[in-house]
Structure formats: C-alpha cells, structure tokens
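Take a look at the letters that make up each chain.
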Amino acid sequence: MTLTDEPVIPVPASRRGTGARGALISAGSVLLGLLIWQLLAARFGPALLASPLETLRAAIELARDGTLFDSVLASARRILIGWGLGLLVGVPVGLVMGRVRIIRTLLDPHIEFFRFIPPVAFVTLAVVWFGIGESSKVVLIFYTSVFIVTLNTVAGVLAVSESKLRAAVSLGAGRRQIMLYVVLPATVPHVVTGARLAMGNSFLTIVSAEIVAAQVGLGALIWTSRNYGRIDWVFVGIIVLGVLGFVFDRVLRIVARRVLRRYAVKL
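Residues numbered from 1 in each chain as written. Predicted model: local features only at pLDDT ≥ 70, side-chain atom pairs only at ≥ 80, totals over all residues. Heavy atoms only, no water.

**Focus: the overall build of the chain**
Summing up its helical and strand segments, the chain has 10 helices and 0 strands in all. Secondary structure elements of the chain occur, N-terminal to C-terminal, as α-α-α-α-α-α-α-α-α-α. A globule of 267 residues ought to have a C-alpha radius of gyration of about 18 Å, yet the chain, at 23 Å, is considerably larger. For the chain, the spread of C-alpha atoms along the principal axes amounts to about 70 × 60 × 35 Å. Sorting the 267 residues of the chain into buried and exposed places 37% on the buried side. Summarising the internal contacts of the chain: among those between residues at least 6 apart in sequence, 74% fall at separations of at least 24. Put simply, the chain shows about 16,400 Å² of open surface, and 68% of that area lies on carbon and sulfur atoms. Put simply, the chain has 27 plus and 13 minus side-chain charges, and the middle of one group is 10 Å from the middle of the other. (Helix = DSSP H or I, 4+ residues; strand = E, 2+ residues; numbered from the N terminus. Rg over C-alpha atoms; globule rule 2.2 N^0.38 Å. Buried < 20%, exposed > 50% of the residue type's maximum accessible area, 1.4 Å probe, protein only. Contact = heavy atoms within 4.5 Å. Areas by Shrake-Rupley, 256 points an atom, 1.4 Å probe, with all protein chains shown as cover. Lys, Arg positive; Asp, Glu negative; His and termini not counted. Charge placed at Lys NZ, Arg CZ, Asp CG, Glu CD.)

In structure tokens:
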C-alpha cells in the first residue's frame, strides 16, 4: 500500500452477522405475509381477493402488452416532478420563515389553513384550471409536498441551538454566514425527514389525481380494472404502487446517507 492509498477498514463480523440476520427476518416476514394473503384469498375467493399467483399472472399479462410499464413510468414521472418542485419551493420558504419572524407570522396562517385541505378536494379545480394534461397531476403532487417540506424545514431552523447562533455572532459571522454554516447544516436532517414524508404523501395523491384525469398511470390502471371487474389487475396496481414507493424511499435514504453524512443524517 502506498502513502496515497486509503486504508481499508474491515467490517466487523458482528455487524455482518447482524445484517444477515436482518435480511433473514425481512424475508421471513415477506413469506409470512404471502402465506396470510394466500389463506385469505382461498377463504373469500377470486371475486373478492386475488391470490398471489393470480396477481402474478395478471402482472405478467399487463407487462407483456406494455400497460404496466407505461403506467409505472407515467406515475413515477408525475411524482418525481411534483415532489421535486415541492422541495425546491418548500426548503427556501421554510428557511426564510424560520429565520425571519415577520415572514413566519405572515405565512403561517395560510400554511396552517391549506395543509389541512386534502389534495383530493382540489382535483376538480386542478382539472378546470390546468386541464387534463400532466400539469394538473403535477400541481396536486406539488400541493401535497410543499407544506410538509416547509413545516419540517421551519422546525429544523427553530431547533438550532441558541448557543451556536450566539457563538457564531461572537466570532464575527454575518447573517449569510450563519445561514450557510450554522442554520442550514443543522436543518438538513429535518429537510430529509420532510422529503421522505412528502414522498409518501405524493403516492397517496397520485391515485386520486389519475383516477379523475388520466388515461395512463397506476391510479388510472386501478380505476379501469375496477370498471372491467378485474380484481387481479387492481391488486397489481396496488402492489406496484407499494413496491415503487418502497424503492423510491430506499433510494432517497441511501443517497441522503452517503451524500449528507457530514450533516448527521442517519436513516
């Protein structure tokens, strides 16, 4: 090893064993869930509850004609765009609200009012105002994301220790330096939490948005399947939504943990 090479830190055997044990427990939990699902399907019949095998066959059927892929792509695109816009707006607004009391006083009543109105209540208005294209769905996802991100960011700013702020001031830091080097790093974990919560709410909203004004998407797939009486297709749409949300959250956690490690992000 040369002087420029980084030392390789071995992973303790106990940690490897803990990871393997956790994987086995997760696999056992999934198998138990599938078993319970199969028993319930046998009890109530295919007219009410599709079995795991029937759902798998339906997924293969939808995948072969491209319906499943198109639905996943459409829903994922809408969620990522609306959620990303929610982050882009919510984080700076939350930082400003947390640092400037007058701004927080002005905006707080509006945020507290609108965040209690579910996005499904605005579905019709979104279609009327923005049409049946992509804009209406993206706007609804943005609506459900921005308030969560904003409130979590405000909470992070207000949670910054007063002693840290005073120490920065005593060392001659200006407002910009305090924001960049004290407030923002301390707020990052709260922003990540808000982003994860907003992602979950985005999945809750996409179904209602696509049911009303979409020809393609997982929500539209579920609604169309219901109209045709295909319970197995409905189960495919529901399960794919859960898997997609699980994947998105895992990717977000991995990226945040690796990129934002120095900000004490632990997920």
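**Let's talk about the packing of helix H3 (residues 67-99) against helix H4 (residues 101-114)**
The N-to-C vectors of H3 and H4 enclose an angle of 125°; their axes lie 6 Å apart at closest approach. Taken together, H3 and H4 sit at an angle that is classed as oblique. Counted together, Val93, Val96, Met97, Gly98 and Arg99 of H3 and Arg101, Ile103, Arg104, Leu107, Asp108 and Ile111 of H4 form the full contact between these two elements. Broken down by class, the residue content of the contact of H3 with H4 amounts to 6 nonpolar, 1 polar and 4 charged. (Axes fitted to C-alpha atoms, helices over the stretch in contact; angles between N-to-C directions. Parallel < 35°, antiparallel > 145°, perpendicular 65-115°, else oblique. Nonpolar A, V, L, I, M, F, W, Y, C, P; charged D, E, K, R; others polar.)

**Quick word on the packing of aromatic side chains**
Enumeration according to the criterion identifies 5 aromatic pairs in this entry. Summarising the aromatic geometry, the rings of Trp37 and Phe235 are spaced 5.9 Å apart at their centres and angled 15° between planes, so their arrangement reads as stacked. Pair noted here: Trp37 is in helix H1 (residues 13-44) and Phe235 is in helix H10 (residues 231-259), with a separation of 198 residues, a long-range link. When sorted by exposure, Trp37 lands in the same class as Phe235, which is buried. With a centroid separation of 5.3 Å and 90° between ring planes, the pair formed by Tyr143 and Phe147 is classed as edge-to-face. Here Phe147 and Tyr143 lie together in helix H6 (residues 134-158), a separation of 4 residues that amounts to about one turn. According to the relative accessible area criterion, Tyr143 is buried, its value standing at 14%. When its relative accessible area of 16% is taken as the criterion, Phe147 is described as buried. When the ring centre of Phe44 is taken as origin, the NZ or CZ atom of Arg43, which lies over that ring, is 5.3 Å away. (Phe/Tyr/Trp six-rings, centres within 6.5 Å; stacked < 30°, edge-to-face > 60°. Lys NZ or Arg CZ within 6 Å of the ring centre and 35° of its normal.)

**Focus on the environment of Trp129**
In this structure, Trp129 sits in helix H5 (residues 123-130). Distance in space between the C-alpha atoms of Trp129 and Gly200 is 25 Å, their sequence separation being 71 residues.

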